[in-house]
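Chain by chain, the residues run as shown.
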Amino acid sequence: MAQASSSNDTDRQSNSYLIGIGRGIGGALLFAIPMLMTMEMWSLGMFMDRTRLFILLIVTLPLLVVLAHRIGFERTLSWSDALRDACLAYGIGIFSSVIILTVFNQLSPDMSLDEIVGKIALQSVSAGMGALLGRSQLGNDSLEDDDDDDSPTGDVGYLDELFLMAIGALFLSLNIAPTDEMIVIAYKMTGWHALALVVVSVLAMHGFVYAVCFKGSHMLSPDMPWWHAFFRFTMVGYVLALLISFYTLWTFERVDGVSYTQVLYTVIVLGLPASIGAAAARLIL
Amino acid sequence: MAKSSPNPESSQETALIEWIFGIISACLVLAMIGWVCWQALSSTGGKPLLSIEIINQTQQGPSFEVEFLIKNDGPMAAAGVTVQGELMANGQSLENREVVFDYVPAHSEMDGVLLFKNDPKTSEMDIRASGYTDP
């Protein structure tokens, strides 16, 4: 009898583990489909600078570990569990990318190994993040017993908060930076458009978190002036978003040989999605 | 403010680093706005200004590579920039090659290569941008 119930438990555990992996694949597809179906991403996978690709792949791992620590497959608490989950998510990302790219006939045996690996590796970054996000966003919490009560949605330290913003900004800018539209918009903008875009980005970012009261919004205590949060979070977050925009543009070789002003305009253009991503990450993660 | 306050947005003990980050960031954003503003005020509009500079000539197997820089010194980006290279001998055209750049941004340079069958060193070479569109 006792044996039967314990094997039942094991069944349920491995079942919920499989469900977690299924959600991971779902998340990878949901969040990476825009990139998997972007032509520029295929060609970037083929020719982008291998050092930059390597740096991107290495940078992704600690980001996934921190993400896993917050929202991992099994609400992990220890860092070694988070590392395991991050590797699993990265693996799911690679797996999903291989499946989808193969279905799109973007991978074929007559391609060089370098091209095949490059295409998969580039996609695996956002697919891996998607796999982790899928676990947290697609999850049906009623299945998770009651351990969500102590889920880390409450207070987070200031640096944690900045880190989350960085992840959100990176995710959205990775999605959008490879497209030609970024540079076309930047080339068409005048300085006045760029200035207006800065204002719009900052307002969107601040509004997202504080003004419009989405789920998980950070409410300001009434005795604090609005500009406290504006300087300590929104300004810092916007600069982070711009830095990350620059990093992704550099990774995708969009800044080589281009004048400082044009690079700045492109960074400002990409800064809009990046800052919205950063603001959304504070609410979602 | 009370140390026991759980909300990071209302505790002053940890606020120092937040204020340092906040002020540095605000200065950076202001500096950026200042730069863009200056650019906006000083730009008078205009057109792309394209020029070509040959930086290297080598032989690679059956073809001769001519590596060049295309510079845009104008205040506007150019799209679909066609660069044509022509080899001539005794006033007669030997061969024509062309390459298209998707974009050449304002005040920027891009590099490209033209591949010739004949040795450009033994003939007269003319490389120039032959057209562009607005991005």
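(A) Structural context of the interface of chain A and chain B. Chain A puts 42 residues into the contact, and the matching count from chain B is 32 residues. On the chain A side of the contact with chain B, Tyr158(A), Tyr187(A) and Arg232(A) bury the most area, a combined 19% of that side's loss. Our count for the contact surface shared by chain A and chain B stands at 1 salt bridge. Where Arg232(A) meets Glu18(B), a salt bridge forms, and the shortest distance between an N and an O atom there is 2.7 Å. The tally of links from chain A across to chain B stands at 4 residue pairs in polar contact (both at pLDDT 80 or more). Take the side of chain A that touches chain B: its biggest share by element is 10 residues, from helix H9 (residues 226-251) of chain A.

(B) Structural view of the confidence of the model for chain B. Residues of chain B with pLDDT of at least 70 account for 90%, and the chain-wide mean is 85. Overall, residues 1-10 of chain B carries pLDDT values under 50, and its contacts beyond four positions in sequence, including any with other chains, amount to 24 contacts.

(C) Quick peek at the pattern of salt bridges. All names here are of chain A. Scanning the model with the defined rule gives 11 salt bridges over all chains in all. Between Arg 84 and Asp 85 there is a salt bridge; the shortest N-O distance is 3.2 Å. Since its relative accessible area comes to 41%, Arg 84 is described here as partly exposed. Arg 282 is paired through a salt bridge with Glu 161; the nearest N and O atoms lie 2.6 Å apart. Of this pair, Arg 282 sits in helix H10 (residues 260-284) while Glu 161 sits in helix H6 (residues 158-176); the two residues are 121 residues apart in sequence, bridging distant segments of the chain.

Definitions and limits used
The residue numbering used here restarts from 1 in each chain and proceeds along that chain's sequence as written. Naming scheme: in the order in which they are written, chains are lettered from A and ligands are numbered from 1. Restriction of local features to residues with pLDDT of at least 70 applies here, the model being predicted, together with a cutoff of 80 or more for giving and counting side-chain atom pairs; totals for whole chains, interfaces and linings are based on all residues. To get the side-chain values, take all heavy atoms of the structure and skip hydrogens and water. Note on definitions: a residue-residue contact is assigned when non-hydrogen atoms from the two residues lie within 4.5 Å. Buried area adds together the accessible area that both of two parts lose upon being put together, with accessible area traced by a 1.4 Å probe. Throughout this description, the term salt bridge denotes a Lys or Arg side-chain nitrogen within 4 Å of a carboxyl oxygen of Asp or Glu. Polar contacts, as used here, are pairs of N or O atoms within 3.5 Å; protein pairs need one atom able to donate a hydrogen and one able to accept it. Residues neighboring in sequence count only if both atoms are side-chain atoms. By the criteria applied, helices consist of DSSP H or I runs no shorter than four residues and strands consist of E runs no shorter than two, each listed in order from the N terminus. Confidence scores per residue from the predictor, reported as pLDDT, run from 0 to 100. For every residue, the accessible area (1.4 Å probe, protein chains only) is compared with the maximum for its type, and the residue is labelled buried under 20%, exposed over 50%, or partly exposed between those bounds.

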